[in-house]
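Architecture at a glance
Take a look at the letters that make up each chain.
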Amino acid sequence: MPKENLKFQAESKELLDLMINSIYSNKEIFLRELISNASDAIDKRRFESLNSNGKIPVIEKPEIKIIADKENKTLTIKDDGIGMNKSELINNIGTIARSGSKEFVEKLKEAKDSENLDIIGQFGVGFYSAFMVSKKVVIETKSLFENQGYRFESEGSESYSLEEIEKDDIGTTITLYLKDNDEDEKYDSFLDYYTISYLVEKYSNYVRYPIMMDHIEKEIKKDESGKEIEGEYVDKVVTSKLNSMIPLWKKNKKDVKDEEYNDFYKNSFHDYLDPLFTLPLNIEGMISYQGLIYVPSHLRNESYNLDEAGLSLYAKNVFIMDKCKDLLPHYLFFLKGVVDSSDLNLNISREMLQENKNIIKIKNNIENKFISSLKDLKDSDKEKFNKIYDLFGVNLKYGIYESYGSKNDILKDVIVFKSLNHNDDYIDLKTYVNEMKEDQKDIYFACGESIEEIKLLPEINRFKKDNIDVLLCDKNVDEFTLRTLKEYDKHEFKSISEIDNDNNLNEEDKKRLEELNINHKRELDDLKKALEGKVSDVSFSLSLYDAPVSLVSKDGLSLNMEKILNNIDPTNPNNINSEKILKINPDHEIFKKLSLIKNEEEIKDYATILYNEALVLGGLEIKDKEEFFKALNKIMMK
């Protein structure tokens, strides 16, 4: 095949331009990215060997080799990995074929003007970081599945070249032709053995394959008899292993610093921020395993992408697969980490995972350990717990709902809510129950799209006056979660929009309410007639205080639940429509004026306005805006 000249994909070209010309300060991370890619390539080759039934020999001593050529100013990273064929070179190098790359380009642009965050690895475009230090990059590679080798060459401009070459060994060699030194950067420092050694220890110390490098050491010269000659030295080539290779998860946690855990997370999972929380695992028993579980400190691109979820799985310190979903329950898919077990077979396949009893046991154990750690964190470091909850609390609540209550016992004490009596601070259900009034039987909650909206609910006034706490539920999953839980410590959950607050009136107010319903039966009947098809009844309430009107559900389905279920498919003609009751405040000036009106059309206009006001106060949308504004305008013009 003659040499082909190909153009980079437009987006790749934009990224290259940013890499080459940016003021990105942390250029040294290019080595981390290339070593990480080399390690991944060896992982893939070993995986193919383990699952080939002996057809593909297992590579005996895989390694990553770094070669510094000071004379020619080149730095080479060589691996024994799976290699690439022509199409893989084009797809992996000539094109950014990963989701999120557009966002990466935007963030890199922002980084030029702000804090120069370490974001290179976050989007899986690590190879391109090589152009931050190189004026030319050459890749020579041969795939495990082909006999033909290929050479890629680019100067980071608009194009690159591809050609066939003879290559004896499988794997990839990347040679960087370093830029010339300038005032801001001494690029030839990346050829120094001690600099490279430092960078490997800093970023890649726990890579599971030896990272080898030759370097020159001075040795005292000896005469023919073997006696050292004082003051004379000879150069000796020494091959050194630069990384420890001891997996971090195998170490005793008391011997590991937080910085080491954080660096491992960022390097292994391509994040630019430290994790919020780290959970080392070292389990001995019927099944033994070690691991590290991390909670990211922000919502990553793949936080809700199930294809990117799961933990890295090892068996007997050998990589088996990345993104093993079977190690986590669905609701914990935001977690990152690794698991290594000596009780798993090296040839375990994806098809075998779901039926493997040991995998199921590890999954259940990880879930229990993580939730138990969150409970401890809630008591020991509330600020950190709240940060985790702000990001991923919805997931924990979803765990209760999606399991149809089977996970109630392990999750009920780790979910929290904001509360009316706690200045919107998070409280758990145990705290709520401990602070309940002596005669209070139920746990009350209110739902809406925001805390501010919930506080506008007319029904909440009674609870404010009586100093009864209410859980403020501003997430769609909240009500589903509480209805799945049903009760906590034998106290049922009750939505304030479903309960009749007038049941708790004293005898005097009950008598007054009865008289109001009798004396103003005409007005109530007129309003009910005007709102036929919208409400099933209209009645008085003495628990609205400053609010003129309120809308409550009659059949056990809260207004909030109705809204959420209907939003799932707004075009469905069979949308849910709960039976509603319009509650009127007889002490409000609006009703006092309404009671004097006899004109049927005018009563209908007032009814329309009051009904739609109740919808808005209840967090629902006005369905017939034209009718509402016509009625409003007519009343205003009187």
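Reference entry: report on the structure contained in this document. It should be emphasised that the depicted structure is a prediction, and the values quoted were computed from it without experimental measurement. (Residues numbered from 1 in each chain as written. Predicted model: local features only at pLDDT ≥ 70, side-chain atom pairs only at ≥ 80, totals over all residues. Heavy atoms only, no water.)

1. Section: the sheet that holds strand β6 (residues 159-165)
What counts here: Strands were regarded as paired on the criterion that DSSP finds at least two bridges between them. Starting at the N terminus, helices and strands are each numbered in turn, a helix being any DSSP run of H or I of at least four residues and a strand any DSSP run of E of at least two. Here the axes come from fitting lines to C-alpha atoms, over the contacting stretch only for helices, and the angles between their N-to-C directions go from 0 to 180 degrees.
One open sheet holds the nine strands; their spatial order is β1-β6-β5-β4-β7-β3-β2-β8-β9, and the pairing between them is mixed. At either end of the open sheet lies a strand with only one pairing partner, and these are β1 (4-7) and β9 (228-241). Between one strand axis and the next, the sheet turns through 20 degrees on average, direction left out of account. Summarising the sheet, strand β4 (residues 134-142) and strand β7 (residues 171-178) pair through eight bridges and their orientation is antiparallel.

2. Notes on the nonpolar core
Nonpolar side chains in soluble globular proteins generally cluster together in the buried interior. Our working definition: Here, nonpolar core means buried Ala, Val, Leu, Ile, Met, Phe, Trp, Tyr and Cys residues that are tied together by side-chain atoms lying within 4.5 Å of each other. Residue exposure (1.4 Å probe, protein chains only): buried if accessible area is under 20% of the type maximum, exposed if over 50%, otherwise partly exposed. Contacts are assigned to residue pairs with any non-hydrogen atoms lying within 4.5 Å of each other.
Ranked by internal contacts, the top residues of the largest apolar core, which has 70 residues, are Val 295, Leu 313, Ile 366, Phe 370, Leu 396, Ile 415 and Leu 471. Element by element, the count of residues in this core is highest for helix α8 (residues 357-380), at seven residues. With sequence-adjacent residues up to four places away left out, Leu 471 is seen in contact with Phe 417, Lys 418, Ile 427, Leu 429, Tyr 432, Ile 443, Tyr 444, Phe 445 and Ala 446. Core analysis: the second largest hydrophobic core is formed by 43 residues, Leu 34, Leu 75, Ala 130 and Tyr 160 among them.

3. Some words on the pattern of salt bridges
Note the following rule: A side-chain nitrogen of Lys or Arg and a carboxyl oxygen of Asp or Glu constitute a salt bridge if their distance falls within 4 Å.
Applying the stated criterion across every chain, the model contains 31 salt bridges. Residues Arg 208 and Asp 43 are paired through a salt bridge, measuring 2.1 Å at the closest nitrogen-oxygen approach. Of this pair, Arg 208 sits in the loop between α5 (193-203) and β8 (211-222) while Asp 43 sits in helix α2 (residues 29-50), and the two are 165 residues apart along the sequence. Relative accessible area serves as the criterion here: at 19%, Arg 208 is assigned to the buried category. Linking Lys 167 and Asp 169 is a salt bridge whose minimum nitrogen-to-oxygen distance equals 3.1 Å. For Lys 167, a relative accessible area of 11% translates into the label buried. Residue class for Asp 169 comes out partly exposed when judged on its relative accessible area of 30%. One network of salt bridges, with partners in common, ties together Lys 136, Glu 140, Arg 151 and Glu 153.

4. Considering the sheet that holds strand β21 (residues 537-540)
The strands making up a sheet associate through hydrogen bonds between their backbones, and the pairing can be parallel or antiparallel. Strand order in the open sheet formed by three strands is β21-β23-β22, and the pairing between neighbours is mixed. Sheet topology places β21 and β22 (549-553) at the edges, where each strand pairs with a single neighbour. Each strand of the sheet is rotated relative to its neighbour by a mean of 30 degrees, with strand direction disregarded. Strand direction decides the pairing type here: β21 and strand β23 (residues 580-584), joined by four bridges, are parallel.

5. Brief notes about unusual backbone geometry
The phi angle at Asn 53 is positive, at roughly 55 degrees, despite the residue not being glycine. Tracing the backbone through its elements, the reader meets Asn 53 in the loop between α2 and β2 (64-69). The class of Asn 53 is exposed, set by a relative accessible area of 75%. Its identity as a non-glycine residue notwithstanding, Met 245 has a phi of 65 degrees, on the positive side. Relative to the elements of secondary structure, Met 245 occurs in the loop between β9 and α6 (258-269). A residue is classified by how much of its surface remains accessible, and Met 245, at 24% relative accessible area, is partly exposed.

6. Observations concerning the packing of aromatic side chains
Basically, it comes down to this: Between the rings of Phe, Tyr and Trp (Trp by its six-membered ring), a pair exists once the centres lie within 6.5 Å; its type follows the angle of the planes, with under 30 degrees stacked, over 60 edge-to-face, and the other angles tilted. Each ring is checked for a lysine NZ or an arginine CZ that lies within 6 Å of its centre and within 35 degrees of its normal; such an atom marks a charge sitting over the ring.
In the structure shown here, the tally under the stated rule is 19 aromatic pairs. Between Trp 249 and Tyr 314, the aromatic rings sit 5.0 Å apart at their centres with planes inclined by 40 degrees, giving tilted as the arrangement. With Trp 249 in the loop between β9 and α6 and Tyr 314 in strand β12 (residues 311-315), this pair connects stretches of sequence that are 65 residues apart. For Tyr 314, a relative accessible area of 4% puts it in the buried group. Among the aromatic residues, ring-to-ring pairing joins Phe 127, Tyr 128, Phe 131, Phe 152 and Tyr 160 into one connected group. The ring of Tyr 426 has Lys 418 sitting right over it, with the charged end atom 5.5 Å from the ring centre.

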